[in-house]
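Coordinates in review
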Amino acid sequence: MTIAKRQFDTLVIGAGGGGLRAALQLAQAEASVAVVSKVFPTRSHTVAAQGGMNAALANVLPDSWHWHMYDTVKGSDYLGDQDAIEYMCRSASNLVVELEHAGVPFSRLDNGKIYQRPFGGQSQNFGGDQAARTCAAADRTGHAILHTLYQQNIRAKTHFFDEYFAIDLIKDQEGFILGALVLEIETGEPLLIEAKTTLLATGGAGQLFRTNTNAHINTGDGLAMALRAGIPVQDMEFFQFHPTGIAGRGMLITEGARGEGGYLINKDGERFMERYAPHARDLASRDVVSRAIATEVREGRGCGSDGDHVLLKLDHLGREVLYKRLPGICDTVKMFLHIDPAEEAIPVFPTAHYTMGGIPTDRHGRVIVPVAQGQESIPGLYAVGECACVSVHGANRLGGNSLLDIVVFGRAAGNDIIDYLNDNRYHRPLDHDSVEQAMAHLQRWDQKGEGESVPVLKKELQTTMENYCGVFRSEEILQQGLDKVLQLEQRLQAVRLKDHSKIFNTARIEALELENLMDIAIATVASALGRQESRGAHSRIDHPDRDDQRWLKHSLYYKEQHRLDYKPVTLKPLTVDSFPPKERVY
Ligand SMILES: Cc1cc2nc3c(=O)[nH]c(=O)nc-3n(C[C@H](O)[C@H](O)[C@H](O)COP(=O)(O)OP(=O)(O)OC[C@H]3O[C@@H](n4cnc5c(N)ncnc54)[C@H](O)[C@@H]3O)c2cc1C
């Protein structure tokens, strides 16, 4: 079979903030750049980001990038790499101003400067009073950023392949990445995109869990593509549960709601966060607040007839503040709960939100893997954004640091790719075995006959992950979870599609996504089983303490034989002194 081909300098897979910021850097440098996205670019999950983007602009309260760095290292429970964290926090202010100049309509203070709100885990003076570091466009910051970046890319003549689904990376015998096989969703035709450099920016994998805040498209495709290409994924045991998803449904109520002065209460009307985090209270970091809510419910202090959630109180803030600063939240609560947050408290419960782990990279976005002597980069392959693990979030991400992460490292990867293209001027010859393998992967779904169904298996997978790999974990529960997921993987072999049509066959896309989710679920549970300590979002009731002696290291999971490996954390920043691990209290 002959497959249509296109050639570009760079292929960017993913049109969220990470992919679009990188593409903009490249297009402005006159590289030929193709962006592939399985949905229209402005429907990427970045559009849903509410609360804002961190930068120590000090527009509201005193602040400095160094305090931001301290908070991020502490928030990561010391698992974040301090070189990358320094780089990100130092760049933040410039990149916010740059976005503003590109057209992002940030909310304003009365003096005309960019509005900033307090968010979880933010402090002044290395642990002092609350800071206000999150730059916001009301509660639609991601929407504003994504639309601006898309429009700037159109101006810079980036080439878009909208509604194309990337299936697998193409790689040669020497390990160079040569592009990817993609599928045009509208026609069902495969297309081979050859590129000198390929950037994965495919976002997170929140669909691993039944109740989550993520878009349906967040199925971790890039992570699974990397795994299939023999690349490990890093720190997958660390999955962030956002404390305030709408109970039982998952839609997000931004941390900005607590930043504006909202707080949590249990069935006795008690502000219980005062017991768990006496200083930061409702603005402690997310892992701390999520565990507190889960504990309140477990110990019988939950609200509602089933006692299965707590309440987020906002009504005391007044209608005017609520509708000015949190208009999207007011709409969401009205639409899904039929209540007015200016009058009634909102039922909330921790909900799967953010993939801290991902494809291991350095701070230039280069994908880095261990070799006999240390580590080396995979030639021609980059990753940024939620699918990557650089690692600035370590064991727990601070709210507002992801919009920052995607812009900072999107730009950095763009710059590094430009250097790479200067040194590697020609396309390498195609590797036909690799193309055939990718085609075989796609054609597997042409098999006809009776079998299991994709939606049934997906639901079982999500429920298993929720029940066996949630906020609190133990060896026994995780082992049961792993056994169950491995059984589901077996059953996946027997799945058959009923619809074999070509045009807009979404059943086929969902099958490919389920395969990806399955690989990532195994990576997540296996990594969680491996780590015998509690750190950040990974909370083991059988190993309740953090153990720096044995576990101050990143995990790496390989698809082949489900192998686990580990590598050291970078404790040395670029220019300042290291923040050595110490007890983490809020
Ligand atoms: C509800 C919500 C609110 C949030 N609020 C905030 C916030 O206030 N502040 C903050 O800092 N962070 C926030 N986050 C986190 C942050 O928004 C995300 O981590 C970040 O936007 C991810 O950007 P990205 O570019 O990595 O990926 P995404 O924006 O998720 O984009 C992924 C892209 O990859 C494409 N893609 C994926 N798989 C394929 C495939 N197989 N083929 C082709 N294309 C593919 C998709 O089409 C999409 O274009 C929030 C997240 C959620 C879910």
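The name given to the protein chain in an unreviewed UniProt entry is Succinate dehydrogenase flavoprotein subunit, with the source organism recorded as Thiohalophilus thiocyanatoxydans. Turning to the protein chain, the UniProt record has this under Catalytic activity (unreviewed entry): "a quinone + succinate = fumarate + a quinol". The record held by UniProt for the protein chain lists under Sequence similarities (unreviewed entry) the comment "Belongs to the FAD-dependent oxidoreductase 2 family. FRD/SDH subfamily."

Moving on, we get to the packing of helix α5 (residues 221–228) against helix α15 (residues 506–530). In the contact formed by α5 and α15, the axes pass within 8 Å of each other and the chain directions differ by 70°. Regarding the angle of α5 to α15, the classification is roughly perpendicular. In this structure, α5 contributes Asp-221, Leu-223, Ala-224, Leu-227 and Arg-228 to the contact, and α15 contributes Glu-513, Asn-516, Asp-519 and Ile-520. Considered class by class, the residues forming the contact of α5 with α15 number four nonpolar, one polar and four charged.

This part covers the environment of Ile-265. Position of Ile-265 relative to the elements: it lies in strand β12 (residues 263–265). In this structure Ile-265 touches Glu-270, Arg-271, Phe-272, Cys-303, Val-310, Leu-311 and Lys-313, once residues within four positions along its chain are discounted.

For the ligand, the set of nearby residues contains 37 residues, the closest of which are Ser-44, His-45, Thr-46, Glu-386 and Leu-403. Between a nitrogen atom of the ligand and a side-chain N or O atom of Arg-397, the distance comes to 3.4 Å. Here the ligand has 1,000 Å² of accessible area as a free molecule, and 98% of this is covered by the chains. Contributing elements (two or more residues each) for the shell around the ligand: α1 (17–28), β2 (33–37), β7 (164–171), β14 (346–355) and α11 (401–423). For the shell around the ligand, the residue count by class is 13 nonpolar, 20 polar and four charged.

Let us now look at the packing of α1 against helix α4 (residues 141–155). Contact pair α1 / α4: the axes reach a minimum separation of 9 Å and the direction vectors enclose 30°. As judged from the angle between their axes, α1 and α4 are roughly parallel. By crossing handedness, the relation of α1 to α4 is classed as left-handed. Contact residues: α1 offers Gly-17, Leu-20, Arg-21, Ala-23 and Leu-24, while α4 offers Leu-146, Leu-149, Tyr-150, Gln-152 and Asn-153. Taken together, the residues that form the contact of α1 with α4 break down as six nonpolar, three polar and one charged.

Glancing now at the packing of aromatic side chains. Summed over all chains, the structure comprises 13 aromatic pairs. Here Phe-8 and Phe-161 contribute two aromatic rings whose centre-to-centre distance is 5.8 Å and whose plane-to-plane angle is 90°, an arrangement assigned as edge-to-face. Of this pair, Phe-8 sits in strand β1 (residues 4–13) while Phe-161 sits in strand β6 (residues 159–162), placing them 153 residues apart in sequence. Phe-161 shares its class with Phe-8; the two are buried.

Moving on, we get to the UniProt feature "active site" (unreviewed entry) in the protein chain. Per the UniProt entry, the sites bearing "active site" (unreviewed entry) are Arg-286 in this numbering. Within the secondary structure, Arg-286 sits in helix α8 (residues 286–298). Classification of Arg-286 by relative accessible area gives buried; the value is 5%. In contact with Arg-286, other than residues within four places in its own chain, are Phe-119, Gln-240, Phe-241, His-242, Pro-243, Glu-255, His-353, Asn-396, Arg-397 and Gly-399. Among the polar contacts made by the side chain of Arg-286, one reaches the side chain of Gln-240 at a distance of 3.0 Å.

Rules used throughout
- Residues numbered from 1 in each chain as written.
- Predicted model: local features only at pLDDT ≥ 70, side-chain atom pairs only at ≥ 80, totals over all residues.
- Heavy atoms only, no water.
- UniProt positions renumbered as here; feature names shortened; annotations may be inferred.
- Axes fitted to C-alpha atoms, helices over the stretch in contact; angles between N-to-C directions.
- Helix = DSSP H or I, 4+ residues; strand = E, 2+ residues; numbered from the N terminus.
- Parallel < 35°, antiparallel > 145°, perpendicular 65-115°, else oblique.
- Contact = heavy atoms within 4.5 Å.
- Nonpolar A, V, L, I, M, F, W, Y, C, P; charged D, E, K, R; others polar.
- Near = heavy atom within 4 Å.
- Polar contact = N/O pair within 3.5 Å; in protein donor to acceptor, adjacent residues only side chain to side chain.
- Areas by Shrake-Rupley, 256 points an atom, 1.4 Å probe, with all protein chains shown as cover.
- Left-handed = near helix turned anticlockwise from the far one by under 90°.
- Phe/Tyr/Trp six-rings, centres within 6.5 Å; stacked < 30°, edge-to-face > 60°.
- Buried < 20%, exposed > 50% of the residue type's maximum accessible area, 1.4 Å probe, protein only.

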